[in-house]
Amino acid sequence: MQLTDPTLLETRAFLAGDWVQRDTRLAVHDPAHGTLLADVADCSRADAAQAIAHAAEAQPDWAAHTGKERAAILRRWHDLVLAHVDDLAILLTAEMGKPLAEAKGEILYGASYIEWFAEEAKRIYGETIPGHQRDKRLLVIRQPVGVVAAITPWNFPNAMIARKLAPALAAGCTIVAKPAAETPLSALALAVLAERAGLPKGVLSILPSSDAVGLGLEFCENPTVRKISFTGSTNVGRILMRQGAAQIKKLSLELGGNAPFIVFDDADLEAAVQGCIASKFRNAGQTCVCTNRIYAQAGIHDAFVARLAQAVAALRVGPGNQAGSDIGPLISQAALAKVETHIADARAKGAAVLTGGTRLQGTFFQPTVLTGVTANMTIAREETFGPLAPVFRFDTEAEVIAAANDTEFGLASYVFTRDIGRVWRVMAGLEYGMVGINTGLISTEVAPFGGVKQSGTGREGSRHGIEDYLDLKYACLSV
Ligand code: ADP
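Not measured: the values here are computed from a predicted model.

### Re the packing of helix 9 (residues 269-281) against helix 10 (residues 298-313)
Thought 1: In contact at an axis separation of 10 Å, helix 9 and helix 10 are set at 50 degrees when each is read in the N-to-C sense. Considering their axes alone, helix 9 and helix 10 lie oblique with respect to each other. Pair helix 9 / helix 10 crosses with right-handed handedness. Of the residues in helix 10, those in contact with Leu-269, Glu-270, Ala-272, Val-273, Gln-274, Cys-276, Ile-277 and Phe-281 of helix 9 are Ile-300, Ala-303, Phe-304, Arg-307, Leu-308, Ala-311 and Val-312.
Thought 2: Classifying every residue of the contact of helix 9 with helix 10 by side-chain character gives 12 nonpolar, one polar and two charged.

### Things to note about the sheet that holds strand 6 (residues 136-144)
Thought 1: Read across the open sheet, the three strands follow the order 5-6-20; overall the sheet is antiparallel. Only two strands of the sheet have a single partner each, and these edge strands are strand 5 (127-129) and strand 20 (470-478). The average angle at which neighbouring strand axes cross in this sheet is 25 degrees, direction not considered.

### Remarks on the UniProt feature "active site" (unreviewed entry) in the protein chain
Thought 1: UniProt tags Glu-254 as "active site" (unreviewed entry).
Thought 2: Relative to the assigned elements, Glu-254 resides in strand 11 (residues 250-254).
Thought 3: According to the relative accessible area criterion, Glu-254 is buried, its value standing at 3%.
Thought 4: Discounting residues that sit within four places of it in the chain, Glu-254 has contacts with Met-160, Arg-163, Phe-230, Thr-231, Gly-232, Cys-288, Leu-411, Phe-449, Ser-455 and Glu-460.

### Focus: the nonpolar core
Thought 1: Counting 125 residues, the largest nonpolar core has Trp-77, Ile-206, Ile-262, Phe-304 and Leu-308 as the members making the most contacts within it.
Thought 2: In terms of residue count, helix 5 (residues 159-171) provides more of this core than any other element does, 10 residues in total.
Thought 3: Not counting the four nearest positions on each side in its chain, Trp-77 is found in contact with Ile-114, Leu-165, Leu-169, Leu-190, Leu-193, Ala-194 and Ala-197.
Thought 4: Counting 25 residues, the second largest nonpolar core, distinct from the first, contains Ala-13, Leu-15, Ala-16 and Leu-215.

### Thoughts on the sheet that holds strand 15 (residues 368-371)
Thought 1: Across the sheet, which stays open at both edges, the seven strands sit in the order 14-15-16-13-12-17-18 with mixed pairing between neighbours. Of all strands in the sheet, those bounded by a partner on one side alone are strand 14 (352-355) and strand 18 (434-437). Between one strand and the next, the sheet's axes are offset by a mean angle of 25 degrees, whatever the strand orientation.
Thought 2: As paired elements, strand 12 (residues 259-263) and strand 17 (residues 412-416) share three bridges and run parallel to each other. The residue bridging Val-263 from the neighbouring strand is Phe-416, located in strand 17.
Thought 3: The strands touched by helix 9 are strand 12, strand 13 (291-297), strand 15, strand 16 (388-394) and strand 17; relative to strand 12, the strand with the most contacts, the crossing angle is about 170 degrees.
Thought 4: Across the face of the sheet, helix 13 (residues 397-405) comes into contact with strand 12, strand 13 and strand 16 while running at roughly 170 degrees to strand 13.

### A closer look at the site of the ligand
Thought 1: As a matter of local geometry, the ligand sits amid 14 residues, with Thr-152, Trp-154, Lys-178, Phe-230 and Ser-233 nearest to it.
Thought 2: A distance of 2.7 Å separates an oxygen atom of the ligand from a polar backbone atom of Thr-152.
Thought 3: A distance of 3.2 Å separates an oxygen atom of the ligand from a polar side-chain atom of Trp-154.
Thought 4: Contact with the protein chains covers 76% of the free accessible surface of the ligand, which is 550 Å².
Thought 5: When atom positions are compared with the pocket grids, the ligand is found to occupy the largest pocket.
Thought 6: Listing elements by their share of the shell around the ligand, those giving two or more residues are helix 7 (212-221), strand 10 (225-231) and helix 8 (234-244).

### Side note on helix 2 (residues 67-83)
Thought 1: Across its 17 residues, helix 2 extends 24 Å between first and last C-alpha, which sits within 8% of the 24 Å expected from 1.5 Å per residue.
Thought 2: Those residues of helix 2 that sit buried are Gly-67, Arg-70, Ala-71, Ile-73, Leu-74, Trp-77, His-78 and Val-81. The buried residues of helix 2 occupy an angular sector of 165 degrees when projected down its axis, which confines them to one face. Opposite the packed face of helix 2, turned more than 90 degrees from it, sit the exposed residues Lys-68 and Ala-83.
Thought 3: In this fold, the buried residues of helix 2 make contact with helix 1 (45-64), helix 3 (85-96), helix 4 (100-120), helix 5 and helix 6 (185-196).

Here is what the cut-offs are and how they apply
- Residues numbered from 1 in each chain as written.
- Predicted model: local features only at pLDDT ≥ 70, side-chain atom pairs only at ≥ 80, totals over all residues.
- Heavy atoms only, no water.
- Axes fitted to C-alpha atoms, helices over the stretch in contact; angles between N-to-C directions.
- Helix = DSSP H or I, 4+ residues; strand = E, 2+ residues; numbered from the N terminus.
- Parallel < 35°, antiparallel > 145°, perpendicular 65-115°, else oblique.
- Left-handed = near helix turned anticlockwise from the far one by under 90°.
- Contact = heavy atoms within 4.5 Å.
- Nonpolar A, V, L, I, M, F, W, Y, C, P; charged D, E, K, R; others polar.
- Pairing = 2+ DSSP bridges.
- UniProt positions renumbered as here; feature names shortened; annotations may be inferred.
- Buried < 20%, exposed > 50% of the residue type's maximum accessible area, 1.4 Å probe, protein only.
- Core = buried A, V, L, I, M, F, W, Y, C linked by side-chain atoms within 4.5 Å.
- Near = heavy atom within 4 Å.
- Polar contact = N/O pair within 3.5 Å; in protein donor to acceptor, adjacent residues only side chain to side chain.
- Areas by Shrake-Rupley, 256 points an atom, 1.4 Å probe, with all protein chains shown as cover.
- 1 Å grid on protein atoms, 1.4 Å probe; cavity = no way out; pocket = protein on both sides within 12 Å on 5 of 7 lines; lining within 4 Å.
- Sits in = over half its atoms within 2 Å of the grid points.
- Expected span 1.5 Å × (residues − 1).
- Arc of directions from axis to C-beta.

And the structure:
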């Protein structure tokens, strides 16, 4: 790995402003080649307790900074991220596998949250409410919730953590974060730059750890932690909610999805195919907003499927750092096995493989299109998290809305149609936190990202995103 600034490859943990070594080490591998990239300090539950204590000490002073002062530090951090975008992308591709162009896109996307919340730090307004009695004056202020703990996944090693650190820090919270064990390097590199930007000691800790359960328990059981922000699977979200119940822990949860992608007869077919490729195959299908179920209306079904299969067959599979790769490796053998299980189950129940369908070397998998997919197949209910596009056929608008909503998840959804009335009806009828209309790409820092049902609670990004890190305080003044 050739970095212009080799100090960005940090293998120590960032504990309350100090870079610390640990005897136990966490091995980080390159999923494209299986080679060892680095041995990183493996933090314990006791380290987490220590980081939380330091975060509590640092919090009042961080909150006492003016919004403008916090904004200036965040802005410098943002600028440093942009100045090192190439190195950060190289690190990200090495530990996670996505194509370099996508890695660079992710760094810019993560940085956009730092920029956005740097701006929002100055706009944490309160309000006055006309009194309910003649001698009463009512005030509402917004205050930071306090110490925050964050847990993030491997599929966006930079952006998922940036999306939590930026609003928390902007709000005046201090934060202790545990990145995924597979991908700690991007998170640690962000901490290197945050330190350079002048973030005060103790305000931020980044603790790589193989003990997810132990750190999760510390975050939930330590009363100093006022809020947990988690992105990952619905199962772990449930565990955190259960564990946090004893202390009524405030939670933001961004969990799994099962995104429907609906193509009506009147859609622009080429736009639908391109939208589908973007939404389904980005990050090799390993994002929580990736299309999981494609519904094509009977009138265009065959034409859509033929064109989709052609576009999918043209995707190039290869290591992320190899020029021209569209699809990198999956994160693990387990991820590969899940794709295979979903294909085998669908085929056994009557689906046909139109293109792809088999594993390649290592953890690479051919981008795949399945047709004849029906509601009784596993893929209708479970997120594949891989490069597999299953197509269902439908007839009516009512039928497809019901099918799309027939899941416990409710994160992203997509619809392609040129009928404006239908756009509104379907958008309103979909039980999802986000709807892409005639587009397969919806993520931006200026909009609220999040889900309904068992896809989670809370929003990241937009002016709403900072609310997750603020408490309202109402004061009643008798004059
Ligand atoms: P994924 O399938 O994307 O790995 P997970 O929900 O398993 O999703 O992981 C997301 C994050 O949650 C990772 O940082 C992982 O280490 C962490 N994690 C896994 N199990 C637990 C747990 N019991 N408590 C707290 N964090 C956990």
